[in-house]
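# Observations on the three-dimensional arrangement
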Amino acid sequence: MSHTRLLFHIVFRTKYNVPAIGLENSNDLYRFIWDFCKDNNCILYRVGGMPDHVHILVQIPAAFCISDFVQRLKVSTNFFIKNRRNCNCLRIKRVQCNI
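A brief report on the enclosed structure follows. These numbers come from a predicted model, not from an experiment.

### Quick notes on the sheet that holds strand β2 (residues 43-50)
In space, the three strands of this open sheet follow the order β1-β3-β2, with antiparallel pairing throughout. Edge positions in the sheet fall to β1 (7-13) and β2, since each of these pairs with one other strand and no more. Strand after strand, the sheet turns through a mean of 15° between neighbouring axes, direction not considered. Summarising the sheet, β1 and strand β3 (residues 53-59) pair through seven bridges and their orientation is antiparallel. When the bridges of β3 are listed, R13 appears paired with H53. Seen against the sheet, helix α1 (residues 23-39) touches β2 and β3 and runs at an angle of roughly 155° to β2.

Okay, here's the thing in structure tokens:
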């Protein structure tokens, strides 16, 4: 039986490179990304970034389509940032990947 370990360095930016990831919400965003990866059976090794982009190093199961994973991650983080900016409460919508 073969063993597959797929590690990906994924970088995605905010729309129009707007510095939307402030110091006050970056840790919450990174925690949200960690939860998203855990909920989708992925292993997050590192997460970090700047005000206009995020870097993640993640192990994604071979059964996942990488483009679907990234698209769902971007949708979820966008929703998180917009709701975080509009109110102090955390109404989080997590989109899970389907295998």
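### Topic: unusual backbone geometry
Positive phi outside glycine occurs at N17, with the angle close to 55°. Within the element layout of this structure, N17 appears in the loop between β1 and α1. The class of N17 is partly exposed, set by a relative accessible area of 40%. Phi is positive for N41, close to 60°, though the residue is something other than glycine. Along the chain, N41 falls in the loop between α1 and β2.

What counts as what
- Within any chain, residue numbers begin from 1 and follow the written order of that chain's sequence.
- The model is predicted, so local features are restricted to residues of pLDDT at least 70 and side-chain atom pairs to those at 80 or more, both for listing and for counting; the totals for chains, interfaces and linings are taken over all residues.
- Note that water and hydrogens are dropped before the side-chain values are worked out from all heavy atoms of the structure.
- Whether two strands pair comes down to DSSP finding at least two bridges between them.
- Each helix is a run of DSSP H or I of at least 4 residues and each strand a run of E of at least 2, with the numbering of both proceeding from the N terminus.
- Axis definition: a line fit to C-alpha positions, over the contact stretch in the case of helices; interaxial angles, taken between N-to-C directions, run 0 to 180 degrees.
- Only heavy atoms enter the contact rule, under which two residues are in contact if any of them lie within 4.5 Å.
- Each residue gets one of three labels from its accessible area relative to the maximum for its type: buried under 20%, exposed over 50%, partly exposed in between, using a 1.4 Å probe on protein chains only.

That is the geometry; function is a separate question.
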